[in-house]
Amino acid sequence: MPAPSSPYPASPPLASSAGPGDGLERASSSRCGVDAGHVQAFLEDVAAAGLNLHSLMVYRNGAVAAEWFRWPYGPRRPRVMHSVAKSFTACAIGMLVDEGRLSLSDRVVDYFPEQVTAPVDANLAAMTVEHLLTMRCGHGEETSGSIWRGISTSWTAEFFKIPVVHRPGGAFLYTSAASYMLSAIVTKVTGETLHAFLKPRLFQPLGIANETWDVGPDGVNPGGNGLTCTTADLLKLTILHVQKGVWQGRRLLSEEWVARATRSYGDDYGYQWWTGEHGTFYAVGQFVQMGIGFPGQDAAIAVTAAMDTSKLLLPHVYRHFPAAFVEGGAGPEVDARLAEAIAAMSRPEPIVSLAEPRPECADRQVYSVCDNPLGVTRLELDFAVGRCALVVTDAAGPHAIEVGVDRWIEGETGIPGADLHHGYRLDPARVVAGARWLDPDTLEMNWIFAETAFRDAVICHFTPGRLSLQRSVNVNTGAMAHPPLTGHLVRDE
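All values derive from a computational prediction rather than experimental measurement.

Colleague: Hey, could you run me through the pattern of salt bridges in this one?
Modeller: Opposite charge on two side chains allows them to pair when their charged atoms are near. Evaluation of the coordinates by the stated rule reveals 22 salt bridges. Notably, a salt bridge pairs Asp-22 with Arg-26, separated by 2.8 Å at the nearest N-O pair. Notably, a salt bridge pairs Glu-114 with Lys-188, separated by 3.0 Å at the nearest N-O pair. Of this pair, Glu-114 sits in the loop between helix H3 (85-98) and helix H4 (122-126) while Lys-188 sits in helix H8 (residues 176-190), and the two are 74 residues apart along the sequence. Under the relative-accessibility criterion, Lys-188 is labelled partly exposed at 42%. What you see here is one network of salt bridges that share partners, running through Arg-77, Glu-410, Glu-412 and Arg-430.

Colleague: Would you mind showing me how to read the nonpolar core here?
Modeller: Most often, soluble globular proteins keep nonpolar side chains buried together rather than apart. Within the largest apolar cluster, 113 residues are counted, with the highest numbers of intra-cluster contacts made by Leu-53, Leu-132, Phe-159, Leu-198, Leu-202, Leu-313 and Phe-321. The contact partners of Leu-313, leaving out residues within four places of it in the chain, are Phe-42, Val-46, Leu-51, Leu-53, Val-288, Met-290, Val-303 and Met-307. Membership of the second largest hydrophobic core comes to 39 residues, among which are Val-376, Leu-390, Tyr-424 and Phe-449.

Colleague: Please clarify how unusual backbone geometry should be interpreted in this entry.
Modeller: Excluding glycine, most residues fall at negative phi; most peptide bonds, likewise, are trans. Look at the link from Trp-71 to Pro-72: it is a cis peptide, with omega at 5 degrees. Position of Pro-72 among the secondary structure elements: in the loop between strand S4 (63-69) and strand S5 (79-80). Despite not being glycine, Asp-267 has its phi angle at roughly 60 degrees, a positive value. On the secondary structure map, Asp-267 appears in the loop between helix H11 (255-261) and strand S10 (274-275). Here the phi dihedral of His-422 falls at roughly 55 degrees; this positive angle occurs in a residue that is not glycine. Turning to its location among the elements, His-422 is positioned in the loop between strand S18 (408-413) and strand S19 (429-439).

Colleague: What exactly am I supposed to notice about the confidence of the model for the protein here?
Modeller: Note that predicted coordinates carrying low pLDDT should not be read in detail. Taken residue by residue, the protein gives an average pLDDT of 93. The fraction at 70 or more is 96%. Residue range residues 1-18 is modelled with pLDDT below 50. Its contacts to residues more than four positions away, or to other chains, number 36 contacts.

Colleague: I keep staring at the pairing of strand S16 (residues 387-394) and nothing clicks. Help me out?
Modeller: For a regular strand, side-chain orientation follows a simple rule: the groups alternate between the two sheet faces. Most of S16 sits inside the fold, with six of its eight residues counted as buried. One ladder, built from seven bridges, connects strand S15 (residues 378-384) with S16; its direction is antiparallel. The residue bridging Phe-383 from the neighbouring strand is Cys-388, located in S16. Linking two consecutive strands that pair antiparallel, namely S15 and S16, is a turn of two residues; a positive phi of about 75 degrees is found at Gly-386 within it. Where S16 lies against strand S17 (residues 397-405), eight bridges are found, and the strand directions are antiparallel. If you follow Ala-389 over to S17, its bridge partner there is Glu-402. Here S16 folds back onto S17, and the loop between the two strands holds two residues.

Colleague: In this structure, what is going on with the packing of aromatic side chains? I would like to understand it.
Modeller: The geometry of two aromatic rings is summed up by the distance between their centres and the angle between their planes. Overall, the coordinates contain 21 aromatic pairs when judged by the stated rule. A centroid spacing of 5.4 Å and a plane angle of 90 degrees characterise the contact between Trp-273 and Phe-281, whose relative ring orientation is edge-to-face. Like Trp-273, the residue Phe-281 is buried in the burial classification. Members of the aromatic cluster, connected to one another through ring pairs, are Phe-42, Phe-294, Phe-321 and Phe-325. Over the ring of Tyr-73 we find Arg-79; its NZ or CZ atom is 5.4 Å from the centre of that ring.

Colleague: Looking at this structure, how should I read the side chain of Thr-262?
Modeller: For Thr-262, the position within the fold is in the loop between H11 and S10. Of note is the side chain of Thr-262, whose polar atom sits 2.7 Å from the backbone oxygen of Val-258. Setting aside anything within four residues of it in sequence, one finds Thr-262 in contact with His-241, Trp-273, Thr-275 and Phe-281.

Colleague: Is there a simple way to explain helix H13 (residues 332-345) in this structure?
Modeller: What sets the pattern is the α-helix's 3.6 residues per turn: residues three or four places apart point alike. With 14 residues, H13 should cover 20 Å at 1.5 Å per step; its first-to-last C-alpha distance of 20 Å lies within 8% of that length. Along H13, the residues classified as buried are Val-334, Asp-335, Leu-338, Ala-341 and Ile-342. All buried residues of H13 lie within an arc of 125 degrees about the axis, which places them on one face of the element. Of the exposed residues in H13, those oriented more than 90 degrees away from the buried face are Pro-332, Glu-333 and Glu-340. As for H13, its buried residues are in contact with helix H1 (29-32), helix H2 (36-48) and S4.

Colleague: What is the right way to read the environment of Pro-428 from this model?
Modeller: On the secondary structure map, Pro-428 appears in the loop between S18 and S19. With a relative accessible area of 56%, Pro-428 lands in the exposed category. Residues Pro-428 and Pro-416, twelve residues apart in the sequence, show an inter-C-alpha distance of 10.0 Å. With sequence-adjacent residues up to four places away left out, Pro-428 is seen in contact with Glu-412 and Thr-413.

Basis of the calculations
Residues numbered from 1 in each chain as written. Predicted model: local features only at pLDDT ≥ 70, side-chain atom pairs only at ≥ 80, totals over all residues. Heavy atoms only, no water. Salt bridge = Lys/Arg side-chain N within 4 Å of Asp/Glu carboxyl O. Helix = DSSP H or I, 4+ residues; strand = E, 2+ residues; numbered from the N terminus. Buried < 20%, exposed > 50% of the residue type's maximum accessible area, 1.4 Å probe, protein only. Core = buried A, V, L, I, M, F, W, Y, C linked by side-chain atoms within 4.5 Å. Contact = heavy atoms within 4.5 Å. pLDDT = per-residue confidence, 0-100. Pairing = 2+ DSSP bridges. Phe/Tyr/Trp six-rings, centres within 6.5 Å; stacked < 30°, edge-to-face > 60°. Lys NZ or Arg CZ within 6 Å of the ring centre and 35° of its normal. Polar contact = N/O pair within 3.5 Å; in protein donor to acceptor, adjacent residues only side chain to side chain. Expected span 1.5 Å × (residues − 1). Arc of directions from axis to C-beta.

See the structure below:
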C-alpha cells in the first residue's frame, strides 16, 4: 500500500492476495482503478504490430492490477536486465549523497589518483559525479557494455583511456562507461561492491531476492548492465520512485533525490533514468526491459521484451497509459475478458513437424567440420524418441544442448554464442529448446534462452554424407547470424 508520507490519499482496503513469492499485493483491475479494456487493447496492439513482448505487470493504488507472461517467461523467471541496472546504480549514489559520503560536484579523477598520470587533461579534470549521472561526461563516442565484456584487464583503466573531447556538462552522450564509473566510485567510497552496498539498503527492503550482478576485472559491478532480476523486481524499483522513495512505510531514498533523479536535464534524461510523456520516467534496458512510473496516477508498469528499441513500444504504451488509470476501472465483465485474453496469450507455443525425416537423417551422426571462423571442428547429433542431442566441439572442448523434437525441453547449456548475445557468455544458460522437421532433409531448432531476450534459430540441412548448419538470433546489437558450418559425415551409428 502507499506509504503514509505519499502525497496521494491512501487506497481503500483491497480484496487481494500476495503474488508468486514477490511480496506484491494483487487485486482486480477495477478495484485498483485500472481499465482492463485498455490493458487488453495494449497487448493486442503490440501483438498486431509484430512486437515480441515477453511480460507485462500493471500496478496502481497499492496492488498489481494485471499481469501477463508469455510462455516460457514466468513471474519467477529471472531476466538479464541490461541497462535497467543504471537506475539501480543511481540509488546507491543517492544514498551516499544523502549520507554525506560523496558530493555530486566531486571530481572523478580524485577518486582514482593511481589511474591518472600528470598532467591531467583539463576536460578530464573537470568531470564530476553529476556529469556521469547525466551522461554529460564529455566523451565523443558511446562505450557499450558488450565491448567491455570482452576485455579482461582493468575497465577503470580503460575508462581513463577514452578521450574527453568535449567540456563535461555540455553535450549528452549515452554511454555505459559513465555508469561503470559510478559503480567504481561506490566501491572506492564504501569498500564494497555496488551490489553488496545495495543489498541491505535496497534489495532486501524491497523484497528482491536471488538477484545476481556481474563483476568486472577490477572487482566492480558494471553499473550500467549485468544485473539479473525479475519483472516484479523492476516493478518494485519503479514503484519506489513513484512513491518518492518510501516503501511500505520505510524511507529508502530521500524525496529530494528521487525528484532530482527523475527529472530531465535535457535530452529527456535524468540521473540514470529517462523521462517521457505525461510526466513519466522510466528505466530501460537493451532489447526493451522497462519500468515506467506514472507519479500523477500512483501507478507503474513493467515489461520485458525482445525488440530492437523502446521507440517501437512507447507509442503503444502512451496510447493506453495513463488513459487506463480510471477510478473504478471498467467493471468486472471487462476484468473477466482481460483474464480470458491473458490465459489465451499465455499458452505454450506449438511446435509440430511438417514432414517425416528420411530414416538416415534421424540416426546418430558425427560430422567433421570444414575450416570456419568459429573454430568449430566437430558436430554430433544423436536422435532418440522425442529428442535430439547436439554437441558442438571447438578449441574449448565439447558443448552440448538437448532439444525436444515436436516438443519443448528445458535444461542448461554452455554452447558458445556471445557474439550473437550482446557480448554475454551465457554459461550455463537456462534454455527451452524444441525442434521440428520442415521437410525430410531439414531440421529447424529453436533455442529460447529463457532468462534473456535471445532466441536462436538453428537450421540443419542434411544431404548424403553432408550437413550444413546455420544459426541466427532474433535480436542483437551486432551480428545476427554465424557463418554457416559445413560438415562431412565421419560416423553413422
